[in-house]
Amino acid sequence: MALSISSLTSSFSSLSFSSQISQKPNTSVSFYQSKSASISLVPLFKTPRLVVSATVASPAEVETADLRKYVKSRLPGGFAAQTIIGTGRRKCAIARVVLQEGNGKFIINYRDAKEYLQGNPLWLQYIKVPLVTLGYETSYDVFVKAHGGGLSGQAQAISLGIARALLRVSEDHRVPLRKEGLLTRDSRVVERKKAGLKKARKAPQFSKR
């Protein structure tokens, strides 16, 4: 019985020893394989990367470009070469207006008037009053170049410019336009700030002590 136990223990020890021996070369082989695999992954040459970028124009830009071509085709030689032209001013805004026979289209700075004036009904009414007064709302196309001031000032400057351009069509238009006050240049402007005051007339709060 003692011999059998000792033989079993010796066989177990030999088995564990042989397994350790058999595992050692395997570990070395696997390490060698991982090392060779890491070497093979390194690229020899760097290939250049081709980057292609494209920009797509927005619909508003396309529409503006089309209107610019349309205005140039309708006004050969530019604004200064036209005959029915008028200049209007309001505050800091200046508007040059050209009238041509058409169907009542308004183009301001190569954009549709409704889009340019942000759909404001009051500003759109300003620019239509002179033509409506004479019944020409569907008889002329209006082309405008406006700059300076805000949209409200530009709308009123366009109204004066249209009224002055209608005088080029016929001097008989003066009486109805004058009656509606459309030929009067509104000379009111912002009063300048004064030294020692917060604004034009507003003073700092008075303190007795």
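Residue positions are given per chain, counted from 1 along the sequence in the order it is written. Only residues with pLDDT of 70 or above have their local features reported here, since the model is predicted, and side-chain atom pairs are shown and tallied only from 80 upward, although totals for entire chains, interfaces and linings are computed over all residues. For side-chain calculations, the full set of non-hydrogen atoms in the structure is used, while hydrogens and water are omitted.

Caption draft 1: Structural context of the pattern of salt bridges. Put simply, a salt bridge is a Lys or Arg side-chain nitrogen that is within 4 Å of an Asp or Glu carboxyl oxygen. If you walk through the whole model with that rule in mind, you get seven salt bridges. For the salt bridge of D141 with R74, the shortest nitrogen-to-oxygen distance reads 3.1 Å. On the criterion of sequence distance, the pair formed by D141 in strand 5 (residues 140–147) and R74 in helix 2 (residues 59–74) is long-range, its members being 67 residues apart. Each residue is placed in one exposure class: buried if its accessible area under a 1.4 Å probe, protein chains only, is under 20% of its type's maximum, exposed if it is over 50%, and partly exposed if it falls in between. Under the relative-accessibility criterion, D141 is labelled buried at 3%. The shortest N-O distance in the salt bridge between E191 and R201 comes to 3.2 Å. Linking E191 in the segment after helix 6 (174–179) with R201 in the segment after helix 6, this pair joins segments that are ten residues apart in sequence. Residue class for R201 comes out exposed when judged on its relative accessible area of 67%. Beyond isolated ion pairs, a larger network of salt bridges with shared partners links R90, D186 and R188. Strands are runs of DSSP state E lasting at least two residues, helices are runs of H or I lasting at least four, and both sets are numbered from the N terminus onward.

Caption draft 2: Molecular detail of the side chain of D141. Polar contact criterion, stated in full: a pair of N or O atoms within 3.5 Å, where within protein one must be able to donate a hydrogen and the other to accept it, and residues adjacent in sequence count only if both atoms are side-chain atoms. Of note is the side chain of D141, whose polar atom sits 3.1 Å from the side chain of R74. Of the polar contacts made by the side chain of D141, one reaches the backbone nitrogen of K105; its length is 2.9 Å. Other than its neighbours up to four places away in sequence, D141 contacts Y70, R74, V98, L99, Q100, E101, G102, N103, G104 and K105. Contacts were defined at the residue level, with two residues in contact if any of their heavy atoms lie within 4.5 Å.

Caption draft 3: Focus on the sheet that holds strand 3 (residues 106–108). Only when DSSP finds a minimum of two bridges between them are two strands counted as paired. The strand order 1-2-5-3-4 describes an open sheet built from five strands, whose pairing is mixed. Of all strands in the sheet, those with a lone pairing partner are strand 1 (85–90) and strand 4 (111–112), marking the two edges. The pairing of strand 2 (residues 93–101) with strand 5 spans eight bridges and is classified as antiparallel. When the bridges of strand 5 are listed, V97 appears paired with V144.

Caption draft 4: The confidence of the model for the chain, seen in detail. The predictor attaches a confidence to each residue, and that confidence, scored 0 to 100, is pLDDT. Considering every residue of the chain, the mean pLDDT works out to 83; 73% of them sit at 70 or more. For the stretch residues 16–42, pLDDT sits under 50, and the model shows zero contacts to residues farther than four places along the chain or on other chains.

Caption draft 5: Quick look at the packing of helix 4 (residues 121–134) against helix 5 (residues 151–169). Packing of helix 4 against helix 5 leaves a shortest axis separation of 7 Å and a crossing angle of 15 degrees. When the interaxial angle is binned, helix 4 and helix 5 end up roughly parallel. Of the two possible hands of crossing, helix 4 and helix 5 adopt the one that is right-handed. Between helix 4, through W123, Y126, I127, P130, L131 and L134, and helix 5, the contact on the second element is made entirely by L151, S152, A155, Q156, I158, S159, I162, A163 and L166. When residues are sorted by character, Ala, Val, Leu, Ile, Met, Phe, Trp, Tyr, Cys and Pro go into the nonpolar class, Asp, Glu, Lys and Arg into the charged class, and all the rest, Gly among them, into the polar class. Taken together, the residues that form the contact of helix 4 with helix 5 break down as twelve nonpolar, three polar and no charged. Fitted lines through C-alpha atoms serve as axes, helices being fitted only where they are in contact, and the angles separating the N-to-C directions of these axes extend from 0 to 180 degrees. By definition in this entry, angles of less than 35 degrees are roughly parallel, angles greater than 145 are roughly antiparallel, angles of 65 to 115 are roughly perpendicular, and the rest are oblique. Put simply, a crossing is left-handed when the front helix is turned counterclockwise from the back one by less than a right angle, and right-handed when it is turned clockwise.

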